[in-house]
Amino acid sequence: KKYNSKMAIAFVGYMIFLFFYITVLVLQREAWNSETTYAAMKAYLTGAFRDPKTMEFRHNENIVTVEDWWNWMEMFLVGSVYATEQTNYEEVKPLDMNTVLRFNRVTSGIMMVQRRGKEEICRVGAGDKYLPFMSKCHSRTYAEGLVNPSKADFLGADGVTKYVYEEHEVGLSGSGNFDVGFFEYLGSDGDEAAARLEALKKNKWINEGTQWTRVEFVVYNPNIGSFCAVQFKTDFDLSGTIMMRMEIEVLLASNYSTWTDQIRMILEIIFVILWFGNTINVIISAIKESRETGHTFSWFQSSGFNFLF
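Residues numbered from 1 in each chain as written. Predicted model: local features only at pLDDT ≥ 70, side-chain atom pairs only at ≥ 80, totals over all residues. Heavy atoms only, no water.

Chemist: Help me understand the pattern of salt bridges, please; the structure alone is not making it clear to me.
Modeler: Side chains that differ in charge, positive against negative, can pair when their charged atoms come close. Using the criterion set out here, one finds 14 salt bridges in the structure. Note that lysine 53 and glutamate 67 form a salt bridge whose closest N and O atoms lie 3.3 Å from each other. Here lysine 53, found in the loop between strand E1 (49-50) and strand E2 (57-58), pairs with glutamate 67, found in helix H3 (residues 66-81); they are 14 residues apart in sequence, far enough to count as distant. Linking lysine 201 and glutamate 74 is a salt bridge whose minimum nitrogen-to-oxygen distance equals 3.2 Å. (Salt bridge = Lys/Arg side-chain N within 4 Å of Asp/Glu carboxyl O. Helix = DSSP H or I, 4+ residues; strand = E, 2+ residues; numbered from the N terminus.)

Chemist: Looking at this structure, I do not really get the packing of H3 against helix H4 (residues 190-202). What am I missing?
Modeler: When two helices pack together, their arrangement is given by the angle between their axes and by how far apart the axes lie. It is the contact of H3 with H4, at a shortest axis distance of 10 Å, that shows an interaxial angle of 175°. Between H3 and H4, the angle falls in the class roughly antiparallel. Only Leu197, Glu198, Leu200 and Lys201 of H4 make contact with H3, whose side of the interface consists of Trp70, Asn71, Met73, Glu74 and Val78. When its residues are assigned to classes, the contact of H3 with H4 shows 5 nonpolar, 1 polar and 3 charged. (Axes fitted to C-alpha atoms, helices over the stretch in contact; angles between N-to-C directions. Parallel < 35°, antiparallel > 145°, perpendicular 65-115°, else oblique. Contact = heavy atoms within 4.5 Å. Nonpolar A, V, L, I, M, F, W, Y, C, P; charged D, E, K, R; others polar.)

Chemist: Is there a simple way to think about the pairing of strand E14 (residues 226-236) in this case?
Modeler: Consecutive residues of a regular strand have side chains that alternate between opposite faces of the sheet. Of all 11 residues in E14, 8 are buried; the element is thus mostly enclosed. As judged from the 10 bridges shared by strand E13 (residues 210-221) and E14, these two strands associate in the antiparallel manner. Note that in E14 the partner of valine 219 across the bridge is cysteine 228. Between the antiparallel neighbours E13 and E14 lie 4 residues, among them glycine 225 with a positive phi of about 60°. Where E14 meets strand E15 (residues 242-252), 11 bridges bridge the pair, whose relative direction is antiparallel. Each residue of the ladder has a partner; that of alanine 229, found in E15, is glutamate 249. With antiparallel pairing between neighbouring strands as the criterion, E14 and E15 make up a hairpin whose turn holds 5 residues, including glycine 240 at a positive phi of roughly 105°. (Buried < 20%, exposed > 50% of the residue type's maximum accessible area, 1.4 Å probe, protein only. Pairing = 2+ DSSP bridges.)

This is how it looks when you write it as structure tokens:
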């Protein structure tokens, strides 16, 4: 009976601990704001555009050519990010330009980066009779172009414009984390962004050496105090396949600024106290039982629950 009572008390304590743990996790995620922002941005940015040649509808998941990729950028993404019209077709006021879905303000325009494969001699076999088919080849990159990339500068189609490989430190200064590749910024003005994009397309910024690109932007919503980072990553495989995927991450701009944050802070403090108290209790119980039995690990061997802990 004494043992059963002890286990029952321990189980009730564990359930209370688990309740605080789950509650804190749910509040930390800001689930409602995060999920609704994610769903809204995904629905908004996966719309269709009309191919100017075939007049067929396309979207980011059925892009099959480099021309499709440029058309998607020009006809869909730039117009969606640099919004001049609200979703109810009202014209956006000058001070509210680049506001997506009524409340999400674009912070600094669109950034593009590509990573490239190293140029190498084609392994055509059978002598040189297949060289006319492809006189220049590229090695494969891996892990989003981070493994085996080319760091060599390359020229645009005009033979003059040089695109330079760069390393940008991300995160805290001195963290040692770098984003690498060939970067281009479209700025925060919609007309300038469209002109810059047209120039990059004309100069073949994406060419046979491109194997991976990322197009990204960030919006801030002051109503819910959160940033939303949107990334479109595209793999340009050596087989000729082009595959794009979208990634969205919602981040809180500040902590403990609302009444729900204050409740979360209190629950976090209670959770830490319970965890610390339980850890001390386990250490005391383990030491006590090891002295009584003469075995160092007897407490952990006494039950499966203790062993898992």
